[in-house]
Structures are given as structure tokens and as C-alpha cells.
Amino acid sequence: MTSADPLAALAGKNIAEVFASVKTSAKGLSPAEAARRLKIYGINEFAGRKKLRPFLIFASKFKNPLLLLLIAAAIVSGALGSRFEAGIILVIVFGSAVIDFVNSYKSAQAAEALREKVTITATVVRGGEPKERNMREVVPGDILLLEAGDLVPADGIVIDARDFFLNEGVLTGESSPGEKEAGGAVYLGTSVVSGKATVVAVATGAGTKVGTIAGKLVKPDQPTEFEKNIKDFSLFIFRITLFLVLAVILLNIFFLRRDPLQIFIFAVAIAVGLTPELLPLIVTSNLAKGALRMSERGVIVKKLAAIHNFGSVDVLCTDKTGTLTEDRIALIRCLDPFGKENEDTFFWGYVSSMHLTGVRGVLDRAIEEFKERSKALGAGKWEKVDEIPFDAERRVESVIVKSGAKTVLISKGAPEEILKNAAHYGAPGKEKKLTAAMRAKIDKEYDSLSADGFRVLAVGVREVPRRTVAYKKEEEKDTSFVGFLAFLDPPKKTAKDTLARMAAHHVGMKIITGDNFLVTKHIAEEIGLEMTNPLTGDDLAKLDEHQLRHVVDATNIFTRVNPEQKEAIIRALRENGHVVAYMGDGVNDVLSLKMADVGISVNNAVDIAKETADIILLNKGLGEIIDGIVEGRKTFANTFKYLQMALSSNFGNMFSMPVASVFLPFLPMTAPQILLNNFLYDSSQLAIPFDNVDPDFLERPKKFDIAFMKKFMYIFGPLSSLFDFITFGILLFVFHLGGSGFQTGWFLESIATQALVVNIIRTRFSFWKNGGPSKALMFATFGAVAVAWGIAYSPIAPFMNFVHMGLAPVALIVVVVLVYLFAVELAKKAFYKKYGALIER
């Protein structure tokens with residue numbers, strides 16, 4: 001179809017015409033025809049999950065304009081006669097790009113593999129057989145079976161529908177569901193609220209209505225706080241680099257009258273050395289390693305950038321079901337309004353659940369699995385007429401059923417709402433007038449059940465006239481209150497220990513639930529969660545945004561709240577400076593999942609919740625969440641180490657070069673030597689994602705603070721330069737080395753201080769504490785130094801302009817390096833004592 005709305009020409013036509021237009025039938029496509037159409041129409045996605053393209057990933061490694069300048073300058077230098085030096089520069093530059101590419105591509109593959117673990121499926125009929133298939137495989141002509149909780153996987157026409165209500169907010173902005181009947185149009189990306197339908201797919205992917213306006217509907221991912229800070233950090237480094245490069249060029253060309261091309265290459269090499277070009281790789285590698293470790297614990301990361309936010313979480317909001325409880329809800333008691341066992345309550349509750357086509361919750365499943373369901377004999381005689389779907393405002397769902405001449409409306413939901421609508425009590429044919437005294441007794445029984453930890457539903461019924469038009473929620477009034485269905489979901493045995501772990505890691509817990517206060521209070525007491533300033537949905541309704549922000553921090557229990565109130569709570573927490581994670585698995589959790597810094601769902605959640613979430617748990621529980629938070633903090637810690645590395649010895653060494661170039665009659669290092677130094681140093685830093693992290697660092701969420709980073713640079717950069725200048729003095733005035741001898745000596749000192757200092761600054765404690773650096777980091781850093789020093793004494797040394805150093809200067813260089821590392825150890829402790837609080841959240 002080529003129109004803006006591909007369904008416009010088919011809406012209202014009979015099913016035979018619709019089938020003919022897309023060349024299909026009620027049995028669906030054959031597997032072979034579906035495969036053929038998939039090749040024609042492509043994968044069913046409009047926002048374009050980017051395919052991994054190795055060549056483009058490799059080419060992206062040359063986006064750095066400094067590298068391009070260096071390559072161009074090397075080519076010019078080679079053309080003018082310095083071919084060997086130019087060749088060395090090009091080999092080092094392309095070698096760095098290859099290493100960067102290999103690691104980046106592996107990280108991207110790992111992230112893609114994790115995303116594939118969480119798939120959105122659709123029930124597709126092909127060859128007459130329904131089967132769950134990946135939503136991306138749906139093609140025009142497929143027959144789709146949709147039910148409550150599903151995402152609509154394509155634009156299509158409804159063939160058959162039963163109480164089929166859709167939320168089309170993605171297209172209309174309206175949150176209220178609308179009903180669709182046979183012949184109506186449905187659109188990709190909308191979600192099923194209740195009912196069932198058979199739909200023929202007409203358009204998929206970019207050909208859908210959503211696909212044609214994807215630019216308006218699909219906004220790019222908003223950068224996380226960490227990503228914004230990384231950008232600010234990069235701009236900060238760029239300004240310093242630009243200043244130093246311009247200073248080198250101006251002083252050496254215009255004042256010292258040196259060869260412009262040689263100085264230009266030297267300046268650009270310094271800029272390359274200063275630029276933390278491995279930062280994107282280190283960040284991605286850290287995230288990928290963290291995501292893989294989390295996946296081993298049953299936590300799947302859909303968006304890698306969410307890991308840093310996950311590590312920064314200091315407030316977790318969740319319903320109690322499945323996180324604090326076993327999520328094994330069982331129906332225990334079926335009672336009349338006054339607490340006596342009553343078969344009528346179970347019978348009408350069972351008939352209601354049997355005919356429900358909305359999202360089937362755990363309570364409905366518990367009713368259907370009740371051990372004494374034989375009490376509902378005769379339920380099969382009742383035929384469904386209509387349904388009034390559940391909504392979070394009235395907290396009630398109703399089905400209308402008929403048997404013989406009788407038509408009955410059955411309401412099931414929150415007891416206070418059923419009681420509010422009731423005018424009588426008792427089963428059909430046994431109704432009695434509901435007096436104020438009786439209401440009070442029913443309320444008392446409800447409170448008693450809740451205080452004992454039961455989750456409670458109430459059932460109300462009334463006879464209604466039979467008709468063909470849809471029934472409305474206004475007809476839920478004047479029912480007869482039949483009784484209570486009482487369920488138990490025992491607290492998890494591990495909940496107390498998990499809450500203690502959360503407290504140890506300074507993560508606050510807030511329960512936001514639709515259950516009533518007494519049930520929630522019982523669970524809280526069972527697991528040892530101290531309640532503070534609990535609020536109900538009615539309490540929240542009386543607060544404006546400012547008042548909510550004032551009370552939200554002090555409250556850790558919110559009961560009987562609706563989806564909009566959940567979203568408002570999370571917004572208020574974020575506005576108060578918290579990083580909030582929200583866990584939810586239902587349609588009513590989608591707003592909150594979007595509002596939270598980190599949305600968490602479970603693999604058996606409804607499709608729309610899984611699609612919205614950033615993190616998916618394969619096993620629902622708090623333990624998995626706190627494990628994920630700790631992994632997020634580890635990725636932050638290891639990325640932080642690289643940034644500190646770039647601002648200490650690396651910056652100091654690169655700062656020393658332009659200063660030395662002004663006072664020396666020769667360059668302190670040649671461009672190939674600088675690039676070799678940078679290449680080996682950068683290679684050693686690839687082990688940082690495998691390093692150990694101090695338990696102390698993981699106890700609190702950390703923040704990226706530019707002021708902290710600047711102070712770190714202003715102290716440890718000059719400290720590194722001080723030891724460079726000491727080395728200069730030793731080489732010049734003790735051993736009287738110049739030219740190649742000086743360059744070799746400083747190269748040996750520079751690579752040693754740059755690579756080895758990360759073992760010191762990686763922790764705020766003594767470097768050997770908490771197990772010290774990982775074996776991988778030790779091997780990489782000492783290995784880089786060994787390779788560098790080996791090159792200086794190898795047969796290829798002359799080609800790099802190195803000379804063999806005697807034992808005495810090498811011994812003094814070793815002493816300088818050791819004293820430098822000891823000085824950093826002392827300075828580090830003083831620095832963290834004064835400024836360490838800057839990175840605490």
C-alpha cells in the first residue's frame with residue numbers, strides 16, 4: 001500500500017476482500033510464502049535496529065580529526081623524503097585502529113546477543129497452525145491472534161473480535177482504551193488492554209502508519225547523566241589539547257624557527273597522546289563486560305547505557321508481589337460478607353475469571369487453580385455476553401453472562417469499590433437490603449482479613465436486562481455484595497537478607513502498590529521493613545506537586561495508588577535529586593517504567609512492559625536487582641580509573657613535552673616515539689574492565705563530578721611533570737645525554753610512569769589493599785613497560801631513533817619511577833581525604 005495510512009482503502013470492507021488484497025486466507029500463509037515475503041518486505045521494525053557492519057565500525061575509528069591530520073602529515077612527510085618515519089607513524093596509527101576495532105566489535109556483538117535474549121513475540125497462524133514467532137518475522141498476509149497484554153505487531157484489519165480494547169496512546173496521545181470490532185483497523189505499536197481478536201496483517205515495518213511518522217514518534221535515546229558528563233569531560237580535554245598544540249606550533253615555528261612539518265607532526269602526535277581516544281572503547285567494553293556478568297545472574301540489559309544509571313540508583317520502587325513475596329499466590333478462603341465460608345462467592349468469582357479476556361493476573365489464575373473448584377460445578381452453563389474491562393480508576397472488572405432466561409453482571413475487584421457500588425448483600429435470589437450497620441460489619445471483616453496478610457477481592461452481582469448493545473460501567477451500580485475471595489502470597493525467606501544488602505549499598509526501598517494498607521503493613525512487618533509515613537492514593541490525591549516533593553522522601557509505603565500516581569511519585573523523587581529504578585510487569589506499569597531512570601521488568605511480563613523496560617530479569621526478585629546495581633557501580637568504577645589515568649601521568653607527560661621542546665635544542669621525543677608510547681600505554685589500559693573494584697567504592701552510588709576531575713588533574717598532572725623534569729635534569733646534567741640518548745631515556749621513564757601509575761590510582765586505599773590490582777591489569781601494565789623497554793634494546797631500536805642506554809642511567813630511571821609511584825601513593829591519600837566527598841552521591 002502506498003498511502004500514508006495503508007489501511008484506509010480496506011477499512012469497512014468484508015473479510016473476503018481484505019484477504020484477496022493481501023493474498024492470504026483464514027489459514028494464513030504457508031511457511032514458504034512467509035519466507036518469500038520476509039525477503040521482499042524486510043524485517044518488521046520501523047525504528048531500525050542498526051545492523052552490525054564491521055567495515056563501518058572500523059571506519060569510525062578514524063573519525064578523530066587528529067588522527068586524520070596525523071595520517072595526512074605522515075603522507076606529506078613521506079613524500080618529502082622521510083619515508084621510514086612516515087611508515088612507522090602509519091603502522092602505529094593503523095595498529096591502534098585495528099586493536100580498537102576488534103575490541104569494539106566484540107563488545108557490540110556481546111550487546112547484540114544479550115538483546116536477542118529478550119524477544120517480543122506474536123501468535124501467528126501459518127498453514128492453519130498458530131505458533132509464537134518473533135515479532136520481527138511478521139509479514140503482510142499473516143493471520144495474528146491477539147489478546148490482553150500483547151503489542152500489536154503490524155498494521156492490520158480485525159477479522160473477528162471479542163471485547164477487544166486497545167490503547168492507541170502511541171498514535172493519539174489518549175490513555176483511555178478504545179474498542180475495536182470486526183472490520184476495524186489496528187496499528188503496529190499499540191497494545192491490547194482486554195479481549196481477544198484475530199487480525200490479518202496488511203503492512204509491516206516502515207510501511208506501517210507508525211513507520212511513516214517514525215521521525216516524530218521515535219525520539220532518540222536521551223543521554224544519561226554519565227554520558228552528558230563524559231561529553232563535558234571530552235570538551236575539557238579538547239580545550240587543553242588545543243591550547244598546548246597551538247603553543248607548540250607558535251613557539252617552535254615562529255620563535256625557534258624549526259622545521260614546520262616536523263613540528264606540526266610533533267604537535268599532532270602530542271594531541272593524539274593527550275586525547276583519551278580509547279575512552280569510547282573503554283566505556284563500551286566496561287558496559288559490555290558488566291552486561292555479560294549481569295546476564296550470568298539472570299539480568300538482561302537491553303540498553304547498555306542504562307548500566308551506569310543502574311549503578312547510580314539510590315531508590316528502588318516496586319510492588320511487593322514477586323520481589324518481597326514468593327509470587328506463588330493461592331486462593332485460601334471464600335467467604336460471605338461476614339467471614340463465613342461460602343460457596344456462592346467462589347462460584348461467581350470463578351465464572352467471572354473463566355470468561356475474563358483482559359490481562360489475566362495472578363489472582364485470576366489462583367481462582368482457576370483453587371483446590372476446591374468442584375464447588376463451581378455448573379459454571380459451564382453460563383455463557384458470556386459482554387465484558388467491562390478493568391481500569392485503575394475504578395479498580396473493578398465486570399463480565400456479563402447468561403444462562404437460560406437469566407442475565408447477570410458479575411463485578412470483581414477492590415472490596416471498597418464493590419461495597420461502594422452495592423445496594424444489597426447475598427447471592428442472586430438471596431439478596432438482602434444493605435444497611436449502614438451491615439456495611440460497617442463488612443468493612444470490619446475486610447480489615448481483619450487484610451491485617452492477617454490476605455490479599456482480598458470482593459464479588460458483587462446483579463441481574464441485568466439482556467441486550468445486544470455494549471454494557472457500560474455505570475451498570476455496575478446497585479449490585480449485591482456476595483463476599484470475599486482471600487489469597488495468600490507468603491514473604492520470601494530471603495527478603496530480610498536482601499533488604500539488609502540494599503541498606504548496606506545505600507539503596508532505599510519504596511513499595512508502591514495497588515493493594516490496601518493493612519495487607520502491605522503485614523508483609524512489611526514479616527520481612528522487617530520499618531514503615532515511615534505511609535500514604536494512600538486518597539492521601540496523594542490531596543497533594544499538589546510541591547507538597548508531594550516535600551513528603552515523598554520520608555514515605556516508603558504507598559498503597560492503593562493508580563498508574564498516574566505511581567508516575568508522579570517517581571517524578572517527584574527524580575526532581576529531588578534521586579536516581580530511581582522502578583520494577584513493574586503489567587500494562588499499568590508502563591508510565592512508571594518510562595518515567596524512571598531505570599525501568600526494570602521480567603521476562604514473563606506483558607509485551608508492552610518488556611518493550612519499555614531497560615533491564616529484564618529472568619528471575620523476579622530483589623537479589624537480582626541489587627546484583628545488577630553492584631555491577632553498574634563496577635562499570636562506573638573501572639571507567640573512572642581510565643579517566644583518572646588520562647588526567648595524571650598521561651597528561652603530565654604530554655604537558656612536559658611542549659615545555660621541554662622550548663628549552664631543548666632538539667625535540668624531547670620524536671613523533672613515532674610519542675605514538676609508540678601512546679600505543680603501548682593505551683593497549684595496557686584495555687585490561688581495566690577486568691580489574692577488581694574496592695568493596696568500599698560499591699557501597700554508595702557515585703557521581704561523575706567535573707570539579708573533582710579538574711582538581712585531580714591539577715594535582716597529579718603537575719606531579720607527573722615534576723618527575724619528568726627531574727628525569728630531564730638527570731639525563732642532561734648527570735649523564736650529559738642529548739638527542740637520541742635523551743629521547744630514549746625519557747621514553748623509558750615516560751612509558752613506565754604512565755602505564756604503572758594506574759595500579760596506584762585505581763584505589764583510594766593502599767594499592768595492595770582489597771586484593772590489589774587484578775592479574776590482568778598487572779600483566780597488561782608491566783607487559784607494556786617490558787615491551788617498550790625491550791624495543792629500546794632490540795635490533796629495531798635504531799629505526800625508532802633509540803640508542804642502547806648504559807646500566808647507570810637505567811638504574812636512576814628505575815629509582816625515579818619508584819619514587820614517583822610512592823609520591824602518588826602519598827598524594828592520593830591526602831587528595832581523597834580532602835576531595836573524596838565530591839563524587840559521593
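Residues numbered from 1 in each chain as written. Predicted model: local features only at pLDDT ≥ 70, side-chain atom pairs only at ≥ 80, totals over all residues. Heavy atoms only, no water.

### Digging into the nonpolar core
One finds F310, L316, M509, I600, I615, I625 and W789 to be the most contacted residues of the largest nonpolar core, which totals 141 residues. When residues in this core are grouped by element, the largest group, 12 residues, is from helix α24 (residues 622-647). Setting aside its immediate chain neighbours within four residues, I615 contacts M294, V299, I300, V301, F310, V598, G599, I600 and S601. One finds L331, V401, L457 and V482 within the second-largest nonpolar core, a separate group that totals 25 residues. (Core = buried A, V, L, I, M, F, W, Y, C linked by side-chain atoms within 4.5 Å. Buried < 20%, exposed > 50% of the residue type's maximum accessible area, 1.4 Å probe, protein only. Helix = DSSP H or I, 4+ residues; strand = E, 2+ residues; numbered from the N terminus. Contact = heavy atoms within 4.5 Å.)

### Some words on the packing of helix α28 (residues 706-734) against helix α32 (residues 807-835)
Two elements in contact, α28 and α32, have axes separated by 11 Å at closest approach and are oriented at 160°. Considering their axes alone, α28 and α32 lie roughly antiparallel with respect to each other. Between α28 and α32 lies a crossing whose hand is right-handed. Between α28 and α32, the residues in contact are F708, K711, F712, I715, F716, L719, S720, F723, I726, T727 and I730 and L812, V816, V819, Y820, A823, V824, A827, K828, F831, Y832 and Y835, respectively. For the contact of α28 with α32, the residue count by class is 18 nonpolar, two polar and two charged. (Axes fitted to C-alpha atoms, helices over the stretch in contact; angles between N-to-C directions. Parallel < 35°, antiparallel > 145°, perpendicular 65-115°, else oblique. Left-handed = near helix turned anticlockwise from the far one by under 90°. Nonpolar A, V, L, I, M, F, W, Y, C, P; charged D, E, K, R; others polar.)

### Notes on the pairing of strand β2 (residues 129-134)
For a regular strand, side chains alternate in direction, first toward one face of the sheet and then toward the other. Relative to β2, strand β1 (residues 121-126) is paired through six bridges, and the arrangement is antiparallel. Bridging from a neighbouring strand, V125 pairs with P130 of β2. Counting the residues in the hairpin turn of β1 and β2 gives two residues, including G127, whose phi is positive at 60°. (Pairing = 2+ DSSP bridges.)

### Considerations on the environment of L529
As for its placement among the helices and strands, L529 is situated in the loop between α18 (517-527) and β19 (535-536). Expressed as a C-alpha distance, the spacing of L529 and I557, which sit 28 residues apart in the sequence, is 9.9 Å. Every residue in contact with L529, bar those within four places of it in the chain, is listed here: L499, M509, I511, A524, N556 and I557.

### Topic: the pairing of strand β17 (residues 479-488)
For β17, a buried count of nine out of 10 residues is recorded, marking the element as mostly surrounded by other parts of the structure. By the bridge criterion, five bridges tie strand β10 (residues 330-335) to β17 in an arrangement that is antiparallel. What sits directly across from A330, in β17, is L488. As defined by bridge partners, strand β14 (residues 422-425) adjoins β17 across three bridges and the pair is classed as parallel.

### Remarks on empty space enclosed by the protein
To locate leftover empty space, one rolls a probe as large as a water molecule over the atoms. For the coordinates displayed, the defined rule picks out three cavities of 30 Å³ or more. For the largest cavity, the calculated volume is near 140 Å³. Lining the largest cavity are 14 residues, with D694, F697, R762, T763 and R764 sitting closest to its centre. Considered class by class, the residues forming the lining of the largest cavity number seven nonpolar, three polar and four charged. (1 Å grid on protein atoms, 1.4 Å probe; cavity = no way out; pocket = protein on both sides within 12 Å on 5 of 7 lines; lining within 4 Å. Points joined across faces, edges and corners; volume = space filled by probe spheres on them.)

### Points about the packing of aromatic side chains
Scanning all chains against the criterion turns up 25 aromatic pairs. Each ring, one from F712 and one from F831, has its centre 5.4 Å from the other, and the planes form 85°; the classification is edge-to-face. Of the two residues, F712 is situated in helix α28 and F831 in helix α32; the sequence distance between them amounts to 119 residues. Across the pair, F831 and F712 agree in class, each one buried. Look at F716 and F831: their rings are 5.7 Å apart centre to centre, the planes differ by 75°, and that puts the pair in the edge-to-face class. (Phe/Tyr/Trp six-rings, centres within 6.5 Å; stacked < 30°, edge-to-face > 60°.)

Spatial relationships are all this shows, so hold off on functional conclusions.
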